[in-house]
Amino acid sequence: MRISRKTSLLFLILTISLAAFLYFLKLDQLPNSLSDDEATVGYNALSILNTGKDEYGKTLPLAFRLFRAYTPPLFIYLAAPLIGLFGLSAVTLRAISAVFTLFGILIVFEFIRSLDLFKSRLTAPLAAFIFSICPWVFYYARIGYEVTAGYITFAAGALFLWYGVRRKKLSFFGLFLLSISTYIAHTERFLVPVFLLTVFVSFRTKNLIPGLVFLALTQLPNLYLLTTKAFWVKGEVFGDFNPARITGEFVNQYLTYLSPKALFGLSPDINLQHTAPAISLFYSWLIIPFFIGLYRLYLKARTPGGRYLLLMLLTAPFPGALSGHYISVQRVLPLIIPLIFVLALGFDYLVLKIRPAFFWPVFCLLTLLSLTLLWRSYFIFFPKERSAYWSYGYEQLAEIIRENPEISYVIDTARAETGYSGLLFYLVYPPAEFQKQFPPEVANNYYSDPRVDKSYAFGNIKLRGVSWEKDPLIDQVLVGDPLTISDGQAREHFLSRVFEIKDPNGRPILIGYQTNPARKRFDNLRKAGYL
């Protein structure tokens, strides 16, 4: 099956157009709320823009402390000027990931053309198309934090590095992009050294020493952070390098990330914020070109392009497998592109062996079915089934608070320690004012002590646990989920329900109760025997 260069480019343009439509469609509404990760990234970007400091008052940090963990800084620094241009919104943050993914389509197209593994000119645009509509790719093209930008930048670095490797010399621009990716997301911090080590061992290249010196210079900030908790701490994810845990879990997790069941069946990720409902990471029918592609890769493993693809494929799961505890598809996003290349090897074989009169009707039918499943999963099921995992309700709560500045609110944080970030975001609370509650020691010990008080106070809001001894005696509104305040507690403390925020399924998720201090004091006196 032969196509002209112009037809190939036209196919690519149509793919990018379709992808742009899918990635930006209802981007302000779906996901139908900001996750706490998106909110804190956006608010810290606003804080950097307005004050040059993060939410804790640290000037231009090398790693941002978010929720008692640390995140590489570059995505936040990139978001800051965009927020200045377009305002603080979900679209501004999520559009960054969408644009990066559109560049990812170009990277896949060019990578396929340069690897010297494929015979058909159709394979490059076909692989770019499969990448663009892949559920895994689509989902992370619409989120507003750093992981998508990280894996796309890594892929761009790997592409330019390949340009040099096939000429037996290092590409300094490729090294630069790979180094930059380590300042975007955690996964690349651990993947880049492993990937480069395997490339240096597998390929003989000129100017290795100058390349290593250049790489070391670009990594000076990370080398400094390497001596602090800021490099290692990401909750419990990357900090626990216990040999017993590694030997017990590494192989199992590594193989899980590469298993056809995990890729083409139900996702093994138990964090429902990481996936869309009722759809696999890759469409199930792609398992056919996947197995064909694996066999073709085995046959081509001795070629330079085959070896390079193998290195990308086999190193990508390392950060996720090292993290232990549970599977997280978010930690292995760099695995997507080498898997697309394996699929491309399968399609390259199929388009040469199957007549166009049969191939195209079947491919178009399967593509239509795939897009239908994607639409059903994301635009129909997702808003109702996953809203609880995207901190739904805080935008509505922020609007209530904004409309009632004279009322004091106590918001229970027993099951929502990170909910403050959404309120800061939606209220666009002045960062300089929020920073005032943190003593100088927080900024002074910024990289060595991730512990921060779980209670926050700003404007007319206090976020902490409810004190049943004191709070009913103060004129204020107590806010919590349905488990915070039972009907019996409301009657006991003379609380009146003043608002109720429901999720898309009509279930209450946040309830506000007005206190009645006069009646509560009277009742206390009566119980004490003074009346």
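Cut-offs applied
- Residues numbered from 1 in each chain as written.
- Predicted model: local features only at pLDDT ≥ 70, side-chain atom pairs only at ≥ 80, totals over all residues.
- Heavy atoms only, no water.
- Disulfide = S-S within 2.5 Å.
- Buried < 20%, exposed > 50% of the residue type's maximum accessible area, 1.4 Å probe, protein only.
- Salt bridge = Lys/Arg side-chain N within 4 Å of Asp/Glu carboxyl O.
- Helix = DSSP H or I, 4+ residues; strand = E, 2+ residues; numbered from the N terminus.
- Contact = heavy atoms within 4.5 Å.
- Patch = residues over 30% accessible without salt bridge, like charges linked within 9 Å, V, L, I, M, F, W, Y side chains within 5 Å.
- Areas by Shrake-Rupley, 256 points an atom, 1.4 Å probe, with all protein chains shown as cover.
- Lys, Arg positive; Asp, Glu negative; His and termini not counted.
- Polar contact = N/O pair within 3.5 Å; in protein donor to acceptor, adjacent residues only side chain to side chain.
- Charge placed at Lys NZ, Arg CZ, Asp CG, Glu CD.

Q: Outline the state of the cysteines, supporting the account with residue identities and numerical values.
A: Per the stated rule, a full pass over the model turns up zero disulfides. In this structure cysteine 134 is not part of a disulfide, and its nearest cysteine sulfur, from cysteine 364, lies 19 Å away. A relative accessible area of 1% places cysteine 134 in the buried class. Under the relative-accessibility criterion, cysteine 364 is labelled partly exposed at 46%.

Q: Before we move on, can you summarise the pattern of salt bridges with the specific residues and values?
A: For the structure on display, the rule yields 13 salt bridges. Across the pair glutamate 110 and arginine 113 runs a salt bridge, and its minimum N-O distance is 3.8 Å. Here glutamate 110 and its partner arginine 113 are both found in helix α4 (residues 90–114), three residues apart, which amounts to about one turn of the helix. Of the charged contacts in the structure, one is a salt bridge between aspartate 523 and lysine 527, with a shortest N-O distance of 3.2 Å. With aspartate 523 and lysine 527 both in helix α25 (residues 517–528) and four residues apart, this pair spans about one turn of that helix. We classify aspartate 523 as buried; its relative accessible area is 6%. It is possible to trace a salt-bridge network through shared partners that takes in Asp487, Arg497, Glu500 and Lys502.

Q: Run through the environment of isoleucine 279, naming residues and quoting values.
A: In this fold, isoleucine 279 is placed in the loop between α14 (260–264) and α15 (287–299). Taking the relative accessible area as the measure of exposure, isoleucine 279 reaches 14% and is therefore buried. With 144 residues separating them in the primary sequence, isoleucine 279 and proline 135 have C-alpha atoms 7.5 Å apart. Setting aside residues no more than four positions away along its own chain, isoleucine 279 makes contact with Pro135, Leu373, Leu374 and Ser377.

Q: How would you summarise a nonpolar patch on the surface if you had to cite specific residues and measurements?
A: Residues Ile209, Leu212, Val213, Leu217, Leu220, Leu223, Leu226 and Trp232 make up a contiguous nonpolar surface patch of roughly 720 Å² in combined accessible area. Here the nonpolar patch gets four residues from one element, more than from any other, and that element is helix α10 (residues 208–218).

Q: Describe the side chain of arginine 386, naming the residues involved and giving the relevant values.
A: Its location among the elements puts arginine 386 in the loop between α19 (356–385) and α20 (394–403). Buried charged residue arginine 386 carries no salt bridge. Nearest counter-charge: glutamate 385, at 5.0 Å. A distance of 2.5 Å separates the side chain of arginine 386 from the backbone oxygen of threonine 275, its partner in a polar contact. Look past the residues within four positions of arginine 386 in its chain and what remains in contact with it is Leu272, Thr275, Ala276 and Pro277.

Q: Describe the environment of isoleucine 401, listing the residues and the values that go with them.
A: Along the chain, isoleucine 401 falls in helix α20. Taking the C-alpha atoms as reference points, isoleucine 401 and glutamate 492, 91 residues apart in sequence, are found 26 Å from one another. Apart from residues lying up to four places away in sequence, isoleucine 401 is in contact with Tyr409, Ile411, Leu423, Leu427, Asn460 and Ile461.

Q: Describe a positive patch on the surface, naming the residues involved and giving the relevant values.
A: Taken together, the side chains of Arg166, Arg167, Lys168, Lys169, Arg204 and Lys206 present a region of like positive charge at the surface. Using a relative accessible area of 80% as the deciding quantity, one classes arginine 204 as exposed.

This is a description of form; function is not addressed.
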